[in-house]
Amino acid sequence: MLTGKKVNEYTNATTTQLVNAHSRTWDVELLNALELPVDIFGKLSLPKTVVGNLKPEIRAAVGFDVEVVLSATHDTASAVLAMPAKDDDSIYISSGTWSLMGIERLIPDCTEESRKRNFTNEGGYHYRYRYLKNIMGLWMLQNIRNEFKHLYSFDEINTLAGIGLYFPSTVKVNDPAFLAPRSMITAVKAYCARTGQDVPETECEILACTYKSLASCYAETASEIEALTGKAYRRIHIIGGGCRDGLLNRLTSQYTGKDVYAGPVEATAIGNLLVQMLRAGSIADLPEARDAVRRSFAVEKVVVACS
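Thresholds, definitions, all that
- Residues numbered from 1 in each chain as written.
- Predicted model: local features only at pLDDT ≥ 70, side-chain atom pairs only at ≥ 80, totals over all residues.
- Heavy atoms only, no water.
- Helix = DSSP H or I, 4+ residues; strand = E, 2+ residues; numbered from the N terminus.
- Rg over C-alpha atoms; globule rule 2.2 N^0.38 Å.
- Areas by Shrake-Rupley, 256 points an atom, 1.4 Å probe, with all protein chains shown as cover.
- Lys, Arg positive; Asp, Glu negative; His and termini not counted.
- Charge placed at Lys NZ, Arg CZ, Asp CG, Glu CD.
- Patch = residues over 30% accessible without salt bridge, like charges linked within 9 Å, V, L, I, M, F, W, Y side chains within 5 Å.
- Salt bridge = Lys/Arg side-chain N within 4 Å of Asp/Glu carboxyl O.
- Buried < 20%, exposed > 50% of the residue type's maximum accessible area, 1.4 Å probe, protein only.
- Pairing = 2+ DSSP bridges.
- Contact = heavy atoms within 4.5 Å.
- Axes fitted to C-alpha atoms, helices over the stretch in contact; angles between N-to-C directions.
- Core = buried A, V, L, I, M, F, W, Y, C linked by side-chain atoms within 4.5 Å.
- 1 Å grid on protein atoms, 1.4 Å probe; cavity = no way out; pocket = protein on both sides within 12 Å on 5 of 7 lines; lining within 4 Å.
- Points joined across faces, edges and corners; volume = space filled by probe spheres on them.
- Nonpolar A, V, L, I, M, F, W, Y, C, P; charged D, E, K, R; others polar.
- Polar contact = N/O pair within 3.5 Å; in protein donor to acceptor, adjacent residues only side chain to side chain.
- Phe/Tyr/Trp six-rings, centres within 6.5 Å; stacked < 30°, edge-to-face > 60°.
- Lys NZ or Arg CZ within 6 Å of the ring centre and 35° of its normal.

(A) Molecular detail of the overall build of the chain. Looking only at helices and strands, the chain has twelve helices and eleven strands in total. Relative to its length of 307 residues, the chain is compact, with a C-alpha radius of gyration of 21 Å against a globular reference of 19 Å. Its C-alpha atoms give the chain principal-axis dimensions of roughly 60 × 45 × 40 Å. Approximately 15500 Å² of the chain is accessible, and the part contributed by carbon and sulfur atoms is 52%. For the chain, the separation between the mean place of its 33 positive charges and that of its 35 negative charges on side chains is 2 Å.

(B) Just a nonpolar patch on the surface, in detail. Residues Leu30, Leu34 and Leu36 make up a contiguous nonpolar surface patch of about 220 Å² in total accessible area. In this structure Leu36 comes out as partly exposed when scored by relative accessible area, which is 31%.

(C) Representation of the sheet that holds strand S9 (residues 235–239) within the structure. The strand order S7-S8-S6-S5-S9-S10-S11 describes an open sheet built from seven strands, whose pairing is mixed. Taken across any chain shown, the strands that pair with only one partner, and hence form the sheet edges, are strand S7 (120–123) and strand S11 (300–301). Pairing of S9 with strand S10 (residues 259–262) involves four bridges; the strand directions are parallel. Note on S10: the bridge partner recorded for Ile238 is Ala262. Seen against the sheet, helix H9 (residues 203–229) touches strand S5 (90–95), strand S6 (99–105) and strand S8 (129–135) and runs at an angle of roughly 20 degrees to S6.

(D) The nonpolar core, seen in detail. Ranked by size, the top nonpolar core spans 49 residues in total, and within it Val171 and Phe178 carry the most contacts. Counting residues per element, this core draws most heavily on H9, at twelve residues. The contacts of Phe178, once residues within four sequence positions are left out, are Met136, Trp139, Met140, Val171, Lys172, Val173, Met184, Ala187, Val188 and Tyr191.

(E) Representation of unusual backbone geometry in the model. Residues Gly263 and Pro264 are joined by a peptide bond in cis, for which omega reads 0 degrees. Its place among the elements puts Pro264 in the loop between S10 and helix H11 (267–280). Residues other than glycine seldom take positive phi values, yet Lys48 does so here, at roughly 90 degrees. Phi at Asn118 is positive, roughly 65 degrees, even though this residue is not glycine. Within the secondary structure, Asn118 sits in the loop between helix H5 (112–116) and S7. Residue class for Asn118 comes out partly exposed when judged on its relative accessible area of 47%.

(F) Broad picture of the layout of surface pockets. If you add up the space inside the largest pocket, you get close to 710 Å³. Lining the largest pocket are 25 residues, with Thr14, Gln17, Phe119, Thr120 and Asn121 positioned closest to its centre. Within the residue set of the lining of the largest pocket, elements represented by two or more residues are helix H1 (10–14), H5, S7 and S8. Top element by residues in the lining of the largest pocket is S7. It accounts for four residues. Class assignment of the residues belonging to the lining of the largest pocket gives a composition of eight nonpolar, twelve polar and five charged. Approximately 480 Å³ is the volume attributed to the second largest pocket. The wall of the second largest pocket is formed by 19 residues, among which Asp87, Asp88, Glu104, Arg105 and Leu106 lie closest to the centre. Elements that contribute at least two residues to the lining of the second largest pocket include exactly S6 and helix H12 (286–296). Sort the elements by how many residues they give to the lining of the second largest pocket and H12 lands first, with four residues. Tallied by class, the residues present in the lining of the second largest pocket amount to eight nonpolar, two polar and nine charged.

(G) Spotlight on the side chain of Ser99. Structurally, Ser99 can be placed in strand S6. On the basis of relative accessibility, which here comes to 0%, the residue Ser99 falls in the buried class. Looking at Ser99, its side chain comes within polar contact range of the side chain of Tyr218, at 2.7 Å.

(H) Molecular detail of the packing of aromatic side chains. Counted under the stated rule, the structure contains five aromatic pairs. With a centroid separation of 5.1 Å and 80 degrees between ring planes, the pair formed by Tyr10 and Tyr127 is classed as edge-to-face. Remark: Tyr127 occurs in the loop between S7 and S8 and Tyr10 occurs in helix H1; sequence separation between them is 117 residues. A residue is classified by how much of its surface remains accessible, and Tyr10, at 2% relative accessible area, is buried. Plain terms: the ring middles of Phe178 and Tyr191 are 5.7 Å apart, the flat faces sit at 45 degrees to each other, and that makes the pair tilted. Here Phe178 is found in the loop between helix H7 (154–163) and helix H8 (184–194), whereas its partner Tyr191 is found in helix H8, with 13 residues between them in sequence. In this structure Phe178 comes out as buried when scored by relative accessible area, which is 0%. In this structure, Arg105 is placed above the aromatic ring of Tyr131, and the distance from its NZ or CZ to the ring centre is 5.1 Å. One Lys or Arg, Arg145, reaches over the ring of Phe154 and ends 4.1 Å from the middle of that ring.

This is the structure:
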């Protein structure tokens, strides 16, 4: 729309499941098997690729011209770019409506065990792989909040959930029952009843059940990553809007037993900017980019209060 040129960007293309994880190009054999028109799939371009300049009519409207550069156009790919990790000893959670939890890899893992555990090999910056799992995330809490008679602030939601932490029941947050129910509260209650657990009744109990379930899923996923990679990870970086949820951050640290760092909040936008700066030569490489994030944005180590 800015340049008049159609470009297929690599990180976004990989999320279609039509890109071969090893060749890093469109999987023509798969496209043919699906009877898709191969000719509509263009050359895959990496982040930092120059697309072109503004179309004349846009130049006239805005009063200037500018070079248009591809970012990592998948939002999680840009967010992971902004992960303020110092080394490869970190797991990330891109936290929002979905929680995308995983690690960066230099080679894909397409084993049957990874498939069974629902891990993907999505494309990242400079052919890195985002080896991750999709988790239901704050979608559940957003829906529960909208069903309450009073529209609580998110700080109030944190307080109410904290009061209810005595409640023992948890749910499997990736169960299909929570994908698009008419009532998320009813779905949570029904799951607890169906699995022979105490059924939450109060707002505090419903919220606490959901918070503890998310943290439990994060802990389970961290253990899966370590089992599949044969490596222990010391840190979890929570990035994106969900990193502002202090209670979930603390429970994540408590349930996983790992150091948790929260921030930056606007990770996707920051990742976009970093690619522009990498293209311009203002930043030399990805380690320098992440060092710039650590020095420029609030990244807080999560402190778990003693019980």
